[in-house]
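# Structural overview
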Amino acid sequence: MPGAGAHPQVPQYQNVPANGQILGYLGRALSMEFSAGQHYLAQASLSKFRNEMSFAEGFVTLANEEFQHANLITDRMVAQGALPSGSILRPAGVSNNVIEALRTCEEREVALINLYAEATNYCANVGAQQDHALFSRLLEEEQAQLMRVNSWIQEYYQTMSQQQQPYGSFV
């Protein structure tokens, strides 16, 4: 079936009462993932208008990854007998150049990493293995995304410094 890899097998509904703290983490994570995805799509559009096509493509990739995270989170909520109650999305931010865009993405990734680190620790402390596994996976993936954003920042600065170096010397 096309797209089957994007929809992993969901564990059966569990009959044990859901942990309210974990549901809170899942709800916050869902809002933050949707907000990040929306922000990255906005940054992709802004990049297209500035003719920064490689960055636009990178932002779309990040957005898709965040929406995949939202899917995993929603699956976990349903497995615990809950449905998302609705998300309040943080507005996408305006950026005038690619560095501003990347810095706003960096800030969103750090916020997600902090949430997932806290949630992972909590789940480890209460023995919530499935939730721990999900939050650990999301933590690793957000850390990888942050590393990618930081590498784009470094590449941009390297490119700019190479373009501004003089071709000759004044000897």
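The preceding data block contains the structure.
Residues numbered from 1 in each chain as written. Predicted model: local features only at pLDDT ≥ 70, side-chain atom pairs only at ≥ 80, totals over all residues. Heavy atoms only, no water.

What follows concerns helix α3 (residues 98–126). Every α-helix carries 3.6 residues per turn, so stepping three or four residues along brings you back to the same face. With 29 residues, α3 ought to run about 42 Å at 1.5 Å a step, and its terminal C-alpha atoms sit 42 Å apart, in line with that. Backbone nitrogen of I99 and a side-chain oxygen of the N-cap are separated by 3.1 Å at the start of α3; the cap is N97. One or two steps after α3, the chain reaches G127, where phi turns positive at roughly 75°. (Helix = DSSP H or I, 4+ residues; strand = E, 2+ residues; numbered from the N terminus. Expected span 1.5 Å × (residues − 1). Polar contact = N/O pair within 3.5 Å; in protein donor to acceptor, adjacent residues only side chain to side chain.)

Moving on, we get to the environment of A36. Note on placement: A36 falls in helix α1 (residues 20–49). On a C-alpha basis, the gap between A36 and E65 in space is 9.8 Å, while along the polypeptide they are 29 residues apart.

Throughout the structure, instances matching the rule amount to six salt bridges. Salt-bridge contacts for E52 lead to R50; the nearest nitrogen and oxygen are separated by 2.9 Å. Given the relative accessible area of 18%, E52 is considered buried. Two residues, E107 and R90, come together in a salt bridge whose shortest N-O distance is 2.9 Å. Of this pair, E107 sits in helix α3 while R90 sits in the loop between α2 (53–79) and α3, and the two are 17 residues apart along the sequence. By relative accessible area, R90 is classed as partly exposed at 40%. (Salt bridge = Lys/Arg side-chain N within 4 Å of Asp/Glu carboxyl O. Buried < 20%, exposed > 50% of the residue type's maximum accessible area, 1.4 Å probe, protein only.)

Bringing α1 into the picture now. Here α1 contains 30 residues, and its C-alpha end-to-end distance of 44 Å stays within 8% of the 44 Å for a straight helix at 1.5 Å per residue. For α1, the capping residue at the N-terminal end is N19, with a side-chain oxygen 2.8 Å from the backbone nitrogen of Q21.

This part covers the nonpolar core. Within the largest apolar cluster, 36 residues are counted, with the highest numbers of intra-cluster contacts made by F59, I73, L102, Y116 and F135. When contributions to this core are tallied by element, the ones reaching two or more residues are α1, α2, α3 and α4 (129–164). Per element, the largest residue contribution to this core is 11 residues, and it comes from α3. In this structure L102 touches F55, F59, V149, W152 and I153, once residues within four positions along its chain are discounted. (Core = buried A, V, L, I, M, F, W, Y, C linked by side-chain atoms within 4.5 Å. Contact = heavy atoms within 4.5 Å.)

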